[in-house]
Amino acid sequence: MNAEIIAVGSELLLGQITNTNATFIAAQLAEIGVDVYYQTVVGDNAERLEAAIRTAEGRADLLIFTGGLGPTKDDLTKETIASHIEKKLVTNEDAMRSIEQFFIRTKRKMTENNKKQALVIEGSKVFPNDHGMAPGMLAKSGNHYYMLLPGPPHELEPMFIHYASPAIQEELETIEKIESRVLRFFGIGESQLETEIRHILDSQTNPTVAPLAKEGEVTLRITAKHQSAETANEMIDQVEKEIMQIAGSYFYGYNDMTLMEALLEKLSKKQLTLACAESLTAGKFAAEMASIQGVSTMLKGGVVVYSNEAKMKLAKVKKETLDKYGAVSSQCAKELAENIRSIMDADIGISFTGVAGPDSLEGHPPGTVWIGIAIKGKETATYLLELPGSRNNVRTRSVKYGCWHLLKLL
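These numbers come from a predicted model, not from an experiment. (Residues numbered from 1 in each chain as written. Predicted model: local features only at pLDDT ≥ 70, side-chain atom pairs only at ≥ 80, totals over all residues. Heavy atoms only, no water.)

Considering the arrangement of structural elements, one finds A224 in strand β11 (residues 217–226). Residue classification places A224 among the buried residues on the basis of a relative accessible area of 1%. Taking the C-alpha atoms as reference, A224 lies 35 Å from G43; in sequence the two are 181 residues apart. (Helix = DSSP H or I, 4+ residues; strand = E, 2+ residues; numbered from the N terminus. Buried < 20%, exposed > 50% of the residue type's maximum accessible area, 1.4 Å probe, protein only.)

Another point: the nonpolar core. Within the largest apolar cluster, 39 residues are counted, with the highest numbers of intra-cluster contacts made by M260, L263, L267, L274, F285, M289 and I348. At the level of elements, α10 (259–270), β13 (274–278), α11 (284–290), β15 (348–354), β16 (368–375), β17 (381–386) and α15 (391–409) are the ones that each hand at least two residues to this core. Among the elements that take part in this core, α15 stands out by supplying 7 residues, more than any other. Sequence-distant contacts of M289, that is, excluding residues within four places in its chain, are made with M260, L264, L267, L274, V295, M298 and L299. (Core = buried A, V, L, I, M, F, W, Y, C linked by side-chain atoms within 4.5 Å. Contact = heavy atoms within 4.5 Å.)

As annotated by UniProt and renumbered to match this structure, "domain: MoaB/Mog" (unreviewed entry) occupies residues 4–170. Taken end to end, residues 4–170 is 41% helix and 23% strand, and its two terminal C-alpha atoms sit 18 Å from one another. (UniProt positions renumbered as here; feature names shortened; annotations may be inferred.)

A few words on the layout of surface pockets. Any space left empty among the atoms is revealed by the rolling of a water-sized probe across them. Taken as a whole, the largest pocket encloses approximately 580 Å³ of empty space. Within the residue set of the lining of the largest pocket, elements represented by two or more residues are α2 (20–31), β2 (35–42), β9 (177–186) and β11. When residues in the lining of the largest pocket are grouped by element, the largest group, 5 residues, is from α2. Among the residues forming the lining of the largest pocket, the class breakdown is 8 nonpolar, 7 polar and 5 charged. (1 Å grid on protein atoms, 1.4 Å probe; cavity = no way out; pocket = protein on both sides within 12 Å on 5 of 7 lines; lining within 4 Å. Points joined across faces, edges and corners; volume = space filled by probe spheres on them. Nonpolar A, V, L, I, M, F, W, Y, C, P; charged D, E, K, R; others polar.)

What follows is about the side chain of T281. Among the secondary structure elements, T281 is positioned in the loop between β13 and α11. Within polar-contact distance, the side chain of T281 engages the side chain of E278 at 2.7 Å. (Polar contact = N/O pair within 3.5 Å; in protein donor to acceptor, adjacent residues only side chain to side chain.)

A word on the side chain of H84. With respect to the helices and strands, H84 occurs in helix α4 (residues 77–84). Only 2.8 Å separates the side chain of H84 from the side chain of E50, close enough to count as a polar contact. At a separation of 2.7 Å, a polar atom in the side chain of H84 contacts the side chain of E57. Beyond its immediate chain neighbours, meaning those up to four positions away, H84 contacts E50, I53, R54, E57 and Y146.

The subject of this paragraph is the state of the cysteines. Here the structure, examined in full by the defined rule, presents 0 disulfides. No disulfide involves C332; its nearest neighbouring cysteine sulfur is the one of C276, lying 15 Å away. Free cysteine C403: the closest other cysteine sulfur is in C276, separated by 10 Å. (Disulfide = S-S within 2.5 Å.)

Attention now moves to the packing of aromatic side chains. Under the definition given, this model contains 7 aromatic pairs. With a centroid separation of 6.2 Å and 80° between ring planes, the pair formed by F24 and F160 is classed as edge-to-face. Within this pair, whereas F24 is found in helix α2, its partner F160 is found in helix α6 (residues 153–171), the two being separated by 136 residues in sequence. For the pair formed by F24 and F160, the shared burial category is buried. Ring geometry for F186 versus W404: centroids 5.8 Å apart, planes at 55°, classification tilted. Separated by 218 residues along the polypeptide, F186 in strand β9 and W404 in helix α15 bring together distant segments of the chain. Given the relative accessible area of 1%, F186 is considered buried. Chaining the aromatic ring pairs together yields one cluster made of F185, F251 and Y254. (Phe/Tyr/Trp six-rings, centres within 6.5 Å; stacked < 30°, edge-to-face > 60°.)

Whenever strands of a sheet pair, they do so through backbone hydrogen bonds, lying parallel or antiparallel. Pairing is antiparallel across the open sheet formed by 4 strands, whose spatial order is β10-β11-β9-β12. Because the sheet does not close on itself, it has two edges, and the strands there are β10 (208–214) and β12 (251–254). In this sheet, neighbouring strand axes are inclined to one another by 25° on average, regardless of whether the strands run parallel or antiparallel. (Pairing = 2+ DSSP bridges. Axes fitted to C-alpha atoms, helices over the stretch in contact; angles between N-to-C directions.)

Glancing now at the sheet that holds strand β1 (residues 2–8). The sheet built from 6 strands is open, its strands ordered β2-β1-β3-β8-β7-β6 with mixed pairing. The sheet terminates laterally at β2 and β6 (125–127), the two strands that pair on one side only. When strand polarity is set aside, the average angle formed by the axes of neighbouring strands in this sheet is 20°. Relative to strand β7 (residues 136–141), β6 runs antiparallel, the two being bridged by 3 bridges. Considered in β7, the bridge of K125 is made with L138.

Given below as structure tokens:
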């Protein structure tokens, strides 16, 4: 079975709300082996909705509609679908009682148009709405299924989990599990990674591999389908092993893990503490680090040393260093890292100094960044970055590179 998700609502097209329902439903369908090849958004217009239905019928077995089940005139989803499949709308007595009870509980007057919410497509399987008024339903006509769900996520999500998903599974002859795993890489571009694993991408069937680049990182999502979740994961293991043999040196974590989380995991395991001195990042590294639970055992502290005066006063950078080499230099990054480690009595000191932009500084173009890492008992390392992008993009990527280089050293 494959499905198409059709979100109904002009507010979605106007950008007033985000279509989180499609994300939720697609993930739920993957769990039971239903493929989603298309997602559609259509406004509150019967003719355009009718056109969307006809298009979806040509490419999906199951059409899942979200929204348009309310009491107002522009709520026209079930009316349009009922007309399309030549079925009547009838009052569902259980839904009507539930709606009446809602108004009694909330001590509000029930207007006549609220009775519209109790209408369902004749012969459909009705889903109770435990968190609202309009019920959902599943109707069948010919070779197609039509599922109607309310728009508000707090109503849709529990309805889908408790009623809609089991209803779909009853219609499936075989329930295939779809398992996915995301591999996260840093320090390699999307085009380079794709080139290196081109033979895997060209020959993929099941499992499939999908690359995605975002904010200087690259992810590979490996997806496998099988009746057994265990077998699907074994299939993923084989593909992952092949990828890691090629690009394992750039790998840092799985699924939703961030570079900072990977770093903190390593620091915690090794029981190491860290302090930071930040110029262009202006506390961004420390703030991201502090946003993760349990960081208090690892983060000793840090300073924002934006000006040269602050670098000398708070991080004890020598005036001669700044006069001779400048703030945007390997020498300045080295002193910042070593001094903050000593001042905070930490195992590791990390520093960021450079040019965020948009203007140049000390003759260096925007995106010129030096990172210093001083680890107790080891020689201090410095790294030069030449980063493209906006001011904030340079700052964000500097933090990520700081995490990455430190991870590699540990």
